[in-house]
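Single-letter residue listing:
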Amino acid sequence: EPEVTQTPSHQVTQMGQEVILRCVPISNHLYFYWYRQILGQKVEFLVSFYNNEISEKSEIFDDQFSVERPDGSNFTLKIRSTKLEDSAMYFCASSEGGGLDTQYFGPGTRLTVL
Amino acid sequence: ILNVEQSPQSLHVQEGDSTNFTCSFPSSNFYALHWYRWETAKSPEALFVMTLNGDEKKKGRISATLNTKEGYSYLYIKGSQPEDSATYLCAFGTSYDKVIFGPGTSLSVIP
């Protein structure tokens, strides 16, 4: 069964460094999403991406964040200058259609900012 | 700020018991309501997507109902099994591709 994959599974970085989290969505899916979950808190929507552009973003998704689909398979989340409070689990998801379609989640990347 | 609530926060039931929990969401700007099942160390797994007031969906022993006018959805599990132990998340779709998650209900089924 096709699945969403994410790399790395765990990323440790120093505050102020840039990180890129990578996701490979399911191949025929057109909508891509990033979510995060800070330990002990809710899953939070960050951004949705369709047709090579951001379609929705939350207030969390400020100028420090960017997303890109650099080729036909990868979908990346970049954090330009990490802060301690960026430490969280980051989940990528994809769906064939938009909001009415099932979103399939990847296993997540745990980001630890020291 | 749109907020999604779930109750109870956690639930412990005996194997074989039936159980239900609630997701409350704003009754305005409704697009869709998603339910996910999330086991520890795994990814959230989609259970249902519901869009119409009065929708009822069923998957095995799990079913869900939707009331968009009053802003709630119920998830029911009939005859709980230990493998049902997980966190159940609801997510409120405010537009075509933006969702707001609730905090989840953690279910433990005791053999």
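Worth saying up front: this structure is predicted, and the values here are computed from it rather than measured. (Residues numbered from 1 in each chain as written. Chains lettered and ligands numbered in written order. Predicted model: local features only at pLDDT ≥ 70, side-chain atom pairs only at ≥ 80, totals over all residues. Heavy atoms only, no water.)

Engineer: Sorry if this is basic, but what is going on with the overall build of chain B here?
Structural biologist: Scanning chain B from terminus to terminus reveals zero helices and 11 strands. Traced from its N-terminal end to its C-terminal end, chain B shows the element sequence β-β-β-β-β-β-β-β-β-β-β. Scaling as 2.2 N^0.38, a compact globule of 111 residues should have a C-alpha radius of gyration of about 13 Å, and chain B matches this with 13 Å. C-alpha atoms of chain B, sized along the principal axes, occupy 40 × 30 × 20 Å. Out of the 111 residues in chain B, the part that is buried amounts to 51%. (Helix = DSSP H or I, 4+ residues; strand = E, 2+ residues; numbered from the N terminus. Rg over C-alpha atoms; globule rule 2.2 N^0.38 Å. Buried < 20%, exposed > 50% of the residue type's maximum accessible area, 1.4 Å probe, protein only.)

Engineer: Explain the environment of Gln-11 of chain A here, please?
Structural biologist: All names here are of chain A. Note that Gln-11 resides in strand 2 (residues 10-13). With 54 residues separating them in the primary sequence, Gln-11 and Phe-65 have C-alpha atoms 16 Å apart. Apart from residues no more than four positions distant in its own chain, Gln-11 is found in contact with Val-19, Thr-109, Arg-110, Leu-111 and Thr-112. (Contact = heavy atoms within 4.5 Å.)

Engineer: Help me out: how do you make sense of unusual backbone geometry in this one?
Structural biologist: Glycine aside, residues mostly have negative phi, and peptide bonds are mostly found in the trans state. The omega angle of the peptide bond from Thr-7 of chain A to Pro-8 of chain A is -10°, so this bond is cis rather than trans. Residue position: Pro-8 of chain A is located in the loop between strand 1 (5-7) and strand 2. Omega for the bond connecting Ser-7 of chain B with Pro-8 of chain B falls within 30 degrees of zero, at -5°, which places this linkage in the cis form. As for its placement among the helices and strands, Pro-8 of chain B is situated in the loop between strand 1 (5-7) and strand 2 (10-14). A positive phi angle is found at Asn-51 of chain A, which is not glycine, with a value near 55°. Within the secondary structure, Asn-51 of chain A sits in the loop between strand 5 (43-50) and strand 6 (53-57). The backbone of Asn-29 of chain B sits at a positive phi, close to 55°, despite the residue not being glycine. Examined against the element boundaries, Asn-29 of chain B turns out to sit in the loop between strand 3 (19-24) and strand 4 (32-38). On the accessibility criterion, Asn-29 of chain B (52% relative accessible area) is exposed.

Engineer: Looking at this model, I keep getting lost on the nonpolar core. Mind explaining?
Structural biologist: A general tendency of soluble globular proteins is for nonpolar side chains to be buried together. Membership of the largest hydrophobic core comes to 24 residues, with the highest contact counts inside it found for Phe-21, Phe-25, Leu-33, Trp-35, Leu-75, Tyr-88 and Leu-107 of chain B. Contributing elements (two or more residues each) for this core: strand 2, strand 3, strand 4, strand 5 (45-50), strand 7 (62-67), strand 8 (72-77), strand 9 (86-95) and strand 11 (105-110) of chain B. Tallying contributions element by element places strand 9 of chain B first for this core, with four residues. Cys-23, Phe-32, Ile-38 and Phe-49 of chain A belong to the second largest nonpolar core, which has 23 residues in total. (Core = buried A, V, L, I, M, F, W, Y, C linked by side-chain atoms within 4.5 Å.)

Engineer: Before we go on, may I ask you to explain the state of the cysteines in this structure?
Structural biologist: Among covalent bonds in proteins, the disulfide is the one between the sulfur atoms of two cysteines. Under the criterion given, the structure shown has two disulfides over all chains. Residue Cys-23 of chain A pairs covalently with Cys-92 of chain A via a disulfide, S to S 1.9 Å. Between Cys-23 of chain A and Cys-92 of chain A the sulfur-sulfur dihedral comes to about -60°; the bridge is accordingly left-handed. You can see Cys-23 of chain A sitting in strand 3 (residues 19-24) and its partner Cys-92 of chain A sitting in strand 9 (residues 88-95), a full 69 residues away along the chain. Residue Cys-23 of chain B pairs covalently with Cys-90 of chain B via a disulfide, S to S 2.0 Å. (Disulfide = S-S within 2.5 Å.)

Engineer: Got a minute to help me understand the environment of Gly-16 of chain A in this structure?
Structural biologist: All names here are of chain A. Residue placement: Gly-16 occurs in the loop between strand 2 and strand 3. With a relative accessible area of 37%, Gly-16 lands in the partly exposed category. Residues Gly-16 and Asn-51, spaced 35 residues apart in sequence, show a C-alpha to C-alpha distance of 31 Å. In contact with Gly-16, other than residues within four places in its own chain, are Arg-80, Ser-81 and Thr-82.

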